[in-house]
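# Close look at the chain arrangement
Take a look at the letters that make up each chain.
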Amino acid sequence: MGTKHRPSGSRSGLHLPAHRKPKRSLQNVAALLVLALPVSFLLFGGQWLAAAGLGPDDGTRGGVEAPDPEAEAKLRAAEEEALAREAAAAEREAAAAIAVPAYSPLEPMALTPGQTVVSLTFDDGFSGQARAAEILSAAGLKGTFYLNSGLLDEPGSLTLRQAKELALTGHEVAGHTFSHPNIDTLDLEEAKREICLDRVNLLGLGFEVTNFAYPFASGAAVKSLVQECGYNSGRGLGGTYSEGCLNCPPQESLRPADPNLLKAPQQVERDWTLANLQEEVTSAEAEGGWVILTFHGLCPYECDWIDIDEQLFTEFVDWLAQRTTTANTVVRTVQEVIGGPKAPPVEAPAAQPAPRGHNGIKNPDLEQWPDKTPACWVQAGYGSNSAEFIKDAGISGSTGSRTIIHSYQDGDAKLASTQDLGACAPAVEADRPYSLRAWYASDVRTQFSVHYRDSMGEWHFWVASPFLDPSPDFVPAEWTTPPVPEGAEALSFGLAISDEGYIVTDDYGLYDAEFAPPPPARPSPAVSGTATQQPGKGNGTG
């Protein structure tokens, strides 16, 4: 089910244009590689030349001016980040090129009277699942791994190369939504984008994806979308006999009444014993049927409450492998049981930019607060600092948001517009500049920090505005971005602070610059510095 918290949009950071072909992922990866090449020079080359005495004298430097250690440190960090991005893009391209065995459409598994079929399934793509696959393979068993394409290569997750190795050794790779949201809480359009994009991405990366599992055991409200996105089944959690479902069947049927919401015992958790695991199998053997077990992480790689110790998992796998030789019990992947075709990729309808002249930001005045953060906004930042986010008074008694950095070493903190597939993130048109706006009061300088989302749903840091001076009273801030990069489909931004202090913000705006209304009449704050590339990965927290 994926109950463990996963960062949203960390790959998180997505939807694909209608013209994108299933195998275009390699092109996207190559494009990212090209974009990543000399990013630091493109953004900072002028500053480097000036520092070396080779650039034009623009009046901002003098022949005897001492170097700025902070600026030099940021330049070095940006250069290191650019090199790291180059390496990551090259590795992803190489991993995406690894071919995996093709899937030939199967008939549903043949029925054998009294036979018990066990499927070992794994949610969320945690890094320890690579070890789980090794344990299964050593025992001659295969599992089904439900992956979030938006979380591959993230810290704590499987790498794309590891996922390819799973498929190469006979394990099934299946879908689990792009970014692991609770899809029951999304509107149907966003839910469809999450479900469909994940499959489109996985297919484009070369996987043979035909089955799906719902994050957070959600699904009843959106199960029709699973079939619409091309899946042959959707695994839920629950629906089999338990203390909370005394009238439920003991296990799923090998001919499920509702393939889009497969019944399964509750997920395996930290307090399960070997006897608990064995009982799920032996109790089904009296009548036969399909037992679908759900695992998450493997401790010591992941040791949360929904993870299982490696030693216990190994003992169970060894017992199960032996069981298949002495009882009418077999282990099969979900794909082997369900069968069915491999449908072509299905593109979900993309979110559209706001009409020209209209504000593209959702909840721009921060008046909607369903919890500790305004709707369509997130607490964001990167680096080593201690930040606090609280509701505060905004302009003229309205509601605003206060960000406070209590201790600072590096990085920034900011309230940022949510990085999703379109429910909140404003869609934009490539090659067009956009006018970003907000009102703020602060005791430290601030700047707009901007990310963009690409066609695979990934979010990337793009650019930061010039710095805006502190102001004890609310003042308007407005900055026009460069033209949006080719391939970018949405923007996310916030007013970031990078020092001990506070900022209160309210009344955000994002407009196509050509059709934007005039900025507020009040004087704009003073501007200092130049637009800078911010070090740190653009994954929703940077």
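Residues numbered from 1 in each chain as written. Predicted model: local features only at pLDDT ≥ 70, side-chain atom pairs only at ≥ 80, totals over all residues. Heavy atoms only, no water.

Here the structure, examined in full by the defined rule, presents 20 salt bridges. Ionic pairing is found between Asp 512 and Arg 432, a salt bridge with its closest N-O pair at 2.5 Å. Residue Asp 512 is found in strand E20 (residues 501–512), and its partner Arg 432 is found in the loop between strand E13 (412–417) and strand E14 (434–442); the two are separated by 80 residues along the sequence. A single burial state applies to Asp 512 and to Arg 432, both of which are buried. Across the salt bridge formed by Glu 514 and Arg 432, the nearest N and O atoms sit 2.5 Å from each other. Here Arg 432 lies in the loop between E13 and E14 and Glu 514 lies in the loop between E20 and strand E21 (527–528), a separation of 82 residues in the sequence. Note on Glu 514: relative accessible area 60%, which makes it exposed. (Salt bridge = Lys/Arg side-chain N within 4 Å of Asp/Glu carboxyl O. Helix = DSSP H or I, 4+ residues; strand = E, 2+ residues; numbered from the N terminus. Buried < 20%, exposed > 50% of the residue type's maximum accessible area, 1.4 Å probe, protein only.)

Among the nonpolar cores identified, the biggest contains 55 residues, and Leu 120, Phe 207, Phe 295 and Phe 313 are the most heavily contacted of them. When residues in this core are grouped by element, the largest group, six residues, is from helix H9 (residues 310–326). (Core = buried A, V, L, I, M, F, W, Y, C linked by side-chain atoms within 4.5 Å.)

Let us now look at the pairing of strand E2 (residues 144–147). With burial as the criterion, each face of E2 is covered, one bearing Thr 144 and Tyr 146 and the other bearing Phe 145 and Leu 147. Bridging between strand E1 (residues 116–123) and E2 involves three bridges; their strand directions are parallel. Of the residues in E2, the one forming a bridge with Thr 121 is Thr 144. A crossover connection joins E1 to the parallel E2 through helix H4 (residues 129–138); in handedness this β-α-β unit is right-handed. Across four bridges, E2 lies against strand E3 (residues 172–175) in parallel orientation. Note on E3: the bridge partner recorded for Phe 145 is Val 173. Viewed along the sheet, the connection from E2 through helix H5 (residues 160–168) into E3 turns out right-handed. (Pairing = 2+ DSSP bridges. Right-handed = clockwise from strand over helix to strand, strands pointing away.)

This paragraph deals with the pairing of strand E6 (residues 289–295). Within E6, seven of the seven residues are buried, leaving the element largely enclosed by the surrounding structure. Pairing analysis gives seven bridges linking E1 to E6, with the strands arranged parallel. By the bridge assignment for E6, Phe 122 is matched with Phe 295.

This part is about the confidence of the model for the chain. Here the chain shows a mean pLDDT of 86. Residues at 70 or above account for 84%. Long-range and interchain partners of residues 3–64, a stretch whose pLDDT sits below 50, account for 145 contacts in this model, where long-range means more than four residues apart. Note that pLDDT drops below 50 for residues 524–542; the model gives that stretch 78 contacts with residues more than four away or on any other chain. (pLDDT = per-residue confidence, 0-100. Contact = heavy atoms within 4.5 Å.)

This paragraph deals with the packing of aromatic side chains. What characterises a pair of aromatic rings is the spacing of the ring centres plus the angle enclosed by the ring planes. By the definition in use, this model includes ten aromatic pairs. Judged by centre distance (5.9 Å) and plane angle (75°), the rings of Phe 122 and Phe 313 are edge-to-face. You can see Phe 122 sitting in strand E1 and its partner Phe 313 sitting in helix H9, a full 191 residues away along the chain. Considering the side-chain rings of Phe 316 and Trp 319, the 6.0 Å spacing of their centres and the 20° angle between planes classify their relative orientation as stacked. Of this pair, Phe 316 and Trp 319 both sit in helix H9, separated by three residues, roughly a single helical turn. Residue classification places Phe 316 among the buried residues on the basis of a relative accessible area of 0%. Three or more aromatic residues joined by ring pairs make a cluster, and in this case those are Phe 122, Phe 145, Phe 295 and Phe 313. We note Arg 402 situated over the ring of Tyr 502; from NZ or CZ to the ring centre the distance is 4.6 Å. (Phe/Tyr/Trp six-rings, centres within 6.5 Å; stacked < 30°, edge-to-face > 60°. Lys NZ or Arg CZ within 6 Å of the ring centre and 35° of its normal.)

It is worth spelling out unusual backbone geometry at this point. Of note in the backbone geometry, Asn 363 takes a positive phi value of approximately 55° without being a glycine. Tracing the backbone shows Asn 363 in the loop between helix H10 (334–338) and strand E10 (377–382). By relative accessible area, which is 7% here, Asn 363 ends up buried. Despite not being glycine, Ser 396 shows a phi value in the positive range, around 50°. Mapped onto the elements, Ser 396 comes out in the loop between strand E11 (385–393) and strand E12 (399–408).

Another aspect to go through is the packing of helix H8 (residues 274–282) against H9. H9 packs onto H8 with a crossing angle of 30° between their chain directions and a minimal axis gap of 10 Å. Here H8 is positioned roughly parallel relative to H9, judged by the angle of their axes. When the axes of H8 and H9 are compared, the crossing they make is right-handed. Here Leu 274, Leu 277, Gln 278, Val 281 and Thr 282 of H8 come into contact with H9, specifically with Leu 312, Glu 315, Phe 316, Trp 319, Leu 320 and Arg 323. Its residues assigned to classes, the contact of H8 with H9 shows seven nonpolar, two polar and two charged. (Axes fitted to C-alpha atoms, helices over the stretch in contact; angles between N-to-C directions. Parallel < 35°, antiparallel > 145°, perpendicular 65-115°, else oblique. Left-handed = near helix turned anticlockwise from the far one by under 90°. Nonpolar A, V, L, I, M, F, W, Y, C, P; charged D, E, K, R; others polar.)

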